[in-house]
Amino acid sequence: MEPTGVQVAQGKLVCAICLNLLNDPVPIPCEHSYCRTCIQDLWNRDQRGIYSCPRCKKEFISSPVVEKSGTLTPLGEDLNNAELQASPTNSFAGPKEESAAFEKHKVVGPSRNLQENNCSCQHEMKKIFCRTDQQCICYLCLIGQHKDHETVPITTERTEKQRKLRESQQQLKQRIKEQDKEVKLLQQEVETINVSADRAVEDNEKIISGIIRLLRRRRYDVTQQIRSQQETEVSRIKEHQKKLEQEITELKRKYAKLQQFSNTEDHTQFLQNYPSLSALSESTHSSSINIRPQINFEDVTAAVLELKDILEDILRDTWTNISLKLTDEDVLMSKPEPRTRPGFLKYSQEITLDPNTVNRYMLLSEENTKVTTTKEQQSYPNHPDRFINYNQVLNRESLTGRCYWEVKWRGGVVVAVSYKNIRRDGKSEKSLFLYNDKSWSLYCYKNCCAFYQNKLPTTVPGPISSTLGVYLDHRAGILSFYSVSKTMTLLRRVQTTFTQPLHAGIWLFEGSSAEFVKLKKPI
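Some words on the packing of aromatic side chains
Thinking step 1. Applying the stated rule across the entire model yields 14 aromatic pairs.
Thinking step 2. Aromatic pair Phe 344 and Tyr 471: ring centres 5.4 Å apart, planes at 70°, arrangement edge-to-face. Here Phe 344 is found in helix H13 (residues 341-345), whereas its partner Tyr 471 is found in strand E16 (residues 467-473), with 127 residues between them in sequence. You'll find Phe 344 and Tyr 471 in the same group, each marked buried.
Thinking step 3. Among the aromatic residues, those joined into a cluster by ring pairs are Tyr 435, Tyr 443, Tyr 445, Tyr 452, Trp 507 and Phe 509.
Thinking step 4. Note that Arg 424 overlies the ring of Phe 387, its terminal NZ or CZ placed 5.0 Å from the centroid.

Let's talk about the pairing of E16
Thinking step 1. The element E16 is extensively covered by neighbouring structure, given that seven of its seven residues are classed as buried.
Thinking step 2. The alternating pattern of E16 places Thr 467, Gly 469, Tyr 471 and Asp 473 on one face and Leu 468, Val 470 and Leu 472 on the opposite face, and all of these are buried.
Thinking step 3. Note: strand E11 (residues 402-410) against E16, seven bridges, orientation antiparallel. Its bridge partner lying in E16, Arg 402 is registered against Asp 473.
Thinking step 4. As paired strands, E16 and strand E17 (residues 478-484) are joined by six bridges and run antiparallel to one another. Within E17, the residue paired with Leu 468 across the bridge is Ser 483.
Thinking step 5. Between E16 and the antiparallel strand that follows it, E17, lie four residues; Gly 477 among them carries a positive phi value of about 75°.

Digging into helix H2 (residues 36-45)
Thinking step 1. Buried within H2 are the following residues: Cys 38, Ile 39 and Trp 43. One face of H2 carries all of its buried residues, which in axial projection span an arc of 120°. The outward face of H2, more than 90 degrees from its buried face, is lined by the exposed residues Thr 37, Asn 44 and Arg 45.
Thinking step 2. Buried-residue contacts for H2 involve strand E1 (25-27), strand E2 (33-35), strand E3 (51-52) and strand E4 (59-60).

Overview of the environment of Arg 131
Thinking step 1. Summarising the element assignment, Arg 131 is placed in the loop between strand E5 (128-130) and strand E6 (135-137).
Thinking step 2. Assessed through its relative accessible area of 27%, Arg 131 is described here as partly exposed.
Thinking step 3. Once residues lying within four places of it in the same chain are set aside, the contact partners of Arg 131 are Glu 150, Val 152, Thr 156, Glu 157 and Glu 160.

Quick notes on the sheet that holds strand E20 (residues 513-516)
Thinking step 1. Overall, antiparallel pairing links the seven strands, which are arranged E8-E9-E20-E11-E16-E17-E18 in an open sheet. Unpaired on one side and paired on the other, strand E8 (362-365) and strand E18 (488-495) mark the two borders of the sheet. Sheet twist, expressed as the average angle between the axes of neighbouring strands with direction ignored, equals 20°.

Topic: the sheet that holds strand E15 (residues 456-459)
Thinking step 1. Judged by pairing direction, the sheet is antiparallel, and its six strands sit side by side in the order E10-E19-E12-E13-E14-E15 without closing on themselves. Every interior strand has two partners, whereas the edge strands, strand E10 (392-394) and E15, have only one. The mean angle between the axes of side-by-side strands here comes to 20°, regardless of whether they run parallel or antiparallel.
Thinking step 2. In this structure, E10 lies alongside strand E19 (residues 502-508), joined through three bridges in antiparallel fashion. The partner of Val 393 across the bridge, within E19, is Ile 506.

With respect to the pattern of salt bridges
Thinking step 1. Tallied over the entire structure, the rule returns 16 salt bridges.
Thinking step 2. Note that Asp 24 is salt-bridged to Arg 36, the shortest N-O span being 3.0 Å. Taken together, the residues Asp 24 in the loop between helix H1 (5-13) and E1 and Arg 36 in helix H2 connect sequence positions 12 residues apart.
Thinking step 3. Judged by its relative accessible area of 29%, Asp 24 is partly exposed.
Thinking step 4. Exposure remark for Arg 36: the relative accessible area of 23% places this residue in the partly exposed category.
Thinking step 5. Measuring nitrogen to oxygen at the nearest pair gives 3.4 Å for the salt bridge that ties Glu 150 to Arg 131. Remark: Arg 131 occurs in the loop between E5 and E6 and Glu 150 occurs in the loop between helix H5 (139-142) and strand E7 (151-153); sequence separation between them is 19 residues.
Thinking step 6. Of the residues examined, Glu 150 reaches a relative accessible area of 28% and is grouped as partly exposed.

Re the environment of Thr 132
Thinking step 1. Structurally, the position occupied by Thr 132 is in the loop between E5 and E6.
Thinking step 2. Here the alpha-carbon distance between Thr 132 and Asp 148, two residues 16 residues apart in the chain, equals 9.5 Å.
Thinking step 3. One polar contact links the side chain of Thr 132 to the main-chain amide nitrogen of Glu 150, over a distance of 3.0 Å.

A word on the side chain of Asp 354
Thinking step 1. Tracing the sequence through the fold places Asp 354 in the loop between H13 and E8.
Thinking step 2. An unpaired buried charge is present at Asp 354: no salt bridge exists, and Arg 396, the closest side chain of opposite charge, is 4.6 Å distant.
Thinking step 3. In terms of polar contacts, Asp 354 uses its side chain to reach the backbone amide nitrogen of Asn 356, at 3.0 Å.

What counts and how
Residues numbered from 1 in each chain as written. Predicted model: local features only at pLDDT ≥ 70, side-chain atom pairs only at ≥ 80, totals over all residues. Heavy atoms only, no water. Phe/Tyr/Trp six-rings, centres within 6.5 Å; stacked < 30°, edge-to-face > 60°. Helix = DSSP H or I, 4+ residues; strand = E, 2+ residues; numbered from the N terminus. Buried < 20%, exposed > 50% of the residue type's maximum accessible area, 1.4 Å probe, protein only. Lys NZ or Arg CZ within 6 Å of the ring centre and 35° of its normal. Pairing = 2+ DSSP bridges. Arc of directions from axis to C-beta. Contact = heavy atoms within 4.5 Å. Axes fitted to C-alpha atoms, helices over the stretch in contact; angles between N-to-C directions. Salt bridge = Lys/Arg side-chain N within 4 Å of Asp/Glu carboxyl O. Polar contact = N/O pair within 3.5 Å; in protein donor to acceptor, adjacent residues only side chain to side chain. Lys, Arg positive; Asp, Glu negative; His and termini not counted.

So, in structure tokens, the structure goes:
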């Protein structure tokens, strides 16, 4: 760091004996300089006859000849003259008159707290800022308790703090601009939703009128679902809009307060109050608004047009399709299902198997993430949640929201997703993952693979890798099974309505094993 003018004065122009600016400075052989009178008086008072430097303690055999310094004397005189010119008692400028003392000084208004501008320890004006201790000090403190500290003129520190203040103001200004833009985007989304919803209602009214006898009971339901979803989406967006507008108001208030403080002319007041403004200078963080793709109610219209040409005996299946179009979170509430493995890993869920559910012919290991069949019965305690007659186990954590996990398997396995209230005891096939309406299962054995739900199998074409991926979007009613290798191959995708939290399940054939992979979410 380059030395400041004040630091030069401290090192070369201050007498270490009297602690004042050098008066008639003289150098001694060790190259330190003192006031002529000070050094001579010091040596004259030493009755031991030892002549030494007060700073470096170097001793001289005889009293050195002290001669006037031709370099330091002009510097000391210039600094003294500068001090005298800066003193308001040495000049007077009356009305419409100019004083030479003000040529290089900015005249500011009177301070309301002049007393605070004086140093409490020396009663001198605070003209120096100590960066080490973060406080304003006077010249005498500079050569005293703040000696060897990092110091700069008070005006230099004010300039630096002013620069940082302007940066904070600019950040707030940019934040206001960005959030104004987000508000406009939200307004456009509201308009798009309203137009699309109105068009969907109008089109459906026209289509349904042609098949009124068959769909009289359904017409009102379709309209109500559209309006309900419309209201939900608009309400959600307006809530975000309201929060943004409130934050903009708060940001503008902070900006105005910082602007007012930035105009403070009194340097000391500015620096002493600056730390209290740190909270105002901080940019308010707001969660990013996710502008989803345009909501398209035309999908509902297409489903109704399809319904027009079908017969009454398949009306129920078609109505289910319409209902899913209205409630599908992929369309109205959520992001689409990921397409790549890194995309799925964003929703990776740690799976831990529940020892209270595992069958006694199954062994848990790897911190309850791996299960293997055994020929010997394990000594698990009795528990109402334990599977009695089938080699099955459920995980401990409830699965809701969007989740993804992977299972490495060997031998024969059923990878399932099940409600917790599935039957556990007895020999009834209702307690088997494949044969009830409380679970959804992927059966894998050698090159054979099939999906089961409530006894109904659906063949899944191979090949199947030794790692299976399971993706669940509970709210949207989506469950997908993937074969995981270098690529993600979709094996089966189910869309339904889940009425309870779900649990991951495993059913093993004899001599088989399965392990839940510990996945890392991408940064």
